[in-house]
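# Report on the structure
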Amino acid sequence: MRKHTLVGLIGSIILLCCLSIGYAYADCIACFELKGVKVELKNGKIASGYVAWNSAWFEAEGYKPKSPYALVDSKEANRRKQPLVLYKKLYSIEKPFRKLHGECKPGTVLVTSEADTVKLPLAEIRHIKAKPMKYDGYTGAGNIPRYSKKALEMLINAEPVAVIVEDTGVSDDYYISYNQAISEKELKKRREDVNNGLLGEKWTETVKKLEKDRIVTLSIGYD
């Protein structure tokens, strides 16, 4: 776990700006690497996309599988009975980080849409095999951030008015304003309102209220 210090914050910003983010799998059970896969369903349909992978998730079973097939064909998978999360399409974003860091090109940061994320029940899957694609090997922690169509359009195409970042100790949380009436000062106030629970108890409610004012949040986990 990283110490919550100014040095840590500066270091994380520099790494995000100039390098791809790396993760020590051995010490991070929440970390993942993306693998492109082709999933064959029992009804004959084929679904392609990316799955999150970390062989450490299966170490309790006494082996370190290299194939993402273990996500559906293993004691661990069948014990949890959780559906396979498949990211059908991913989007790389840069503009919010250029606004914050200048011309220094950031490492790849991927997001997806709610519509491009599907959950496949394990009982419906016949087979899954590797299908290398563009973002194979991308690493992260937690989940790939998912957005509504409106928020995704802003992240990809709109020029941010203001961007601020907060180090929570396990992630870097970005607040991005696409509203000309919401400058950095006002954006910081909105972040404080969120931290104090003034925009709603449920995070989904908070996100909708922020999005209505053309504010998008982005959390990049690192532990």
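Keep in mind it's a predicted model, so treat the numbers as computed, not measured.

Once that is clear, we can look at helix H5 (residues 184-195). With twelve residues, H5 extends 16 Å between its outermost C-alpha atoms, agreeing within 8% with the 16 Å of an ideal straight helix rising 1.5 Å per residue. When H5 is considered as a whole, its buried residues turn out to be Leu187, Arg190, Arg191, Asp193 and Val194. Summarising the axial view, the buried residues of H5 lie within an arc of 155°, below the 170-degree limit, and thus occupy one face. Here the buried face of H5 lies against strand E10 (162-167), strand E11 (171-177), helix H6 (203-212) and strand E12 (215-221). Positive backbone phi, at 70°, marks Gly197, one or two positions downstream of H5.

Take the sheet that holds strand E5 (residues 110-113) next. A sheet is described by the order of its strands in space; here three strands give the open sequence E4-E5-E9, paired in mixed fashion. The strands lining the two open edges of the sheet, one partner per strand, are strand E4 (91-92) and strand E9 (146-147). In terms of strand pairing, E5 meets E9 through two bridges, oriented parallel. Following the sheet pairing, Thr112 is matched in E9 by Arg146.

Turning our eyes to something else, we now look at the environment of Glu159. Turning to its location among the elements, Glu159 is positioned in the loop between helix H4 (149-157) and E10. The class of Glu159 is exposed, set by a relative accessible area of 55%. Look past the residues within four positions of Glu159 in its chain and what remains in contact with it is Lys95 and Tyr178.

Glancing now at H4. If you check which residues of H4 are buried, you get Ala151, Leu152, Met154 and Leu155. Down the axis of H4, the buried set is contained in an arc of 160°. They therefore lie on one face.

Under the defined criterion, the tally for this structure stands at seven salt bridges. As a salt-bridge pair, Glu40 and Arg126 come within 3.3 Å of each other at their nearest N and O atoms. With Glu40 in strand E1 (residues 31-41) and Arg126 in strand E7 (residues 125-130), this pair connects stretches of sequence that are 86 residues apart. The class of Glu40 is partly exposed, set by a relative accessible area of 30%. With a closest N to O distance of 2.9 Å, Asp213 and Arg190 form a salt bridge. With Asp213 in the loop between H6 and E12 and Arg190 in helix H5, the pair connects residues that are 23 residues apart, well separated along the chain. Arg190 gets classed as buried once you look at its relative accessible area, which sits at 19%. Salt bridges here are not isolated pairs; linked through shared partners, they connect Glu186, Arg190 and Asp213.

Take the pairing of E1 next. Two strands pair when backbone bridges link them, and E1 and strand E8 (residues 139-141) are joined in this way by three bridges, in the antiparallel orientation. Bridge assignment links Cys31 to a residue of E8, and that residue is Ala141. Both E1 and strand E2 (residues 46-53) contribute to a ladder of eight bridges, which runs antiparallel. Bridge pairing in E2 links Gly36 to Tyr50. Where E1 folds back onto E2 in an antiparallel hairpin, the turn is made up of four residues, including Gly44, whose phi is positive at roughly 95°. One ladder, built from five bridges, connects E1 with E7; its direction is antiparallel. Bridge pairing in E7 links Leu41 to Ile125.

Within the protein, residue pLDDT values average 83, and 83% of them lie at 70 or more. A low-confidence stretch, residues 1-25 stays under pLDDT 50, and its non-local contacts, those more than four residues away or across chains, total 52 contacts.

Relative to the assigned elements, Arg191 resides in helix H5. Beyond its immediate stretch of four places on either side in the chain, Arg191 contacts Ile164, Val165, Glu166 and Tyr175.

Strand order in the open sheet formed by three strands is E10-E11-E12, and the pairing between neighbours is antiparallel. Because the sheet does not close on itself, it has two edges, and the strands there are E10 and E12. When the angles between neighbouring strand axes are averaged without regard to direction, this sheet yields 15°.

Rules behind the numbers
- Chains are numbered independently. Their residues run from 1 in the order of the written sequence.
- In keeping with the model being predicted, local features are shown solely for residues with a pLDDT of at least 70 and side-chain atom pairs are shown and tallied solely at 80 or more, while totals for entire chains, interfaces and linings include all residues.
- Based on all heavy atoms of the structure, the side-chain values leave hydrogens and waters out of the count.
- Each helix corresponds to a stretch of at least 4 residues labelled H or I by DSSP, and each strand to a stretch of at least 2 residues labelled E; elements are numbered beginning at the N terminus.
- An expected span of 1.5 Å times one less than the residue number is assigned to each helix.
- Burial status follows relative accessibility: with a 1.4 Å probe on protein chains alone, a residue under 20% of its type maximum counts as buried, one over 50% as exposed, and anything between as partly exposed.
- Relevant arc is that of directions from the helix axis to the C-beta atoms, nothing else.
- Residues count as neighbours in contact if any of their non-hydrogen atoms are within 4.5 Å of one another.
- In this scheme, strands are said to pair when DSSP sees at least two bridges between them.
- We define a salt bridge as a side-chain nitrogen of Lys or Arg found within 4 Å of a carboxyl oxygen belonging to Asp or Glu.
- What pLDDT conveys is the predictor's confidence in a given residue, as a value from 0 to 100.
- Only the stretch in contact is used when a helix axis is fitted, and all axes are lines through C-alpha atoms; the angle between N-to-C directions ranges over 0 to 180 degrees.

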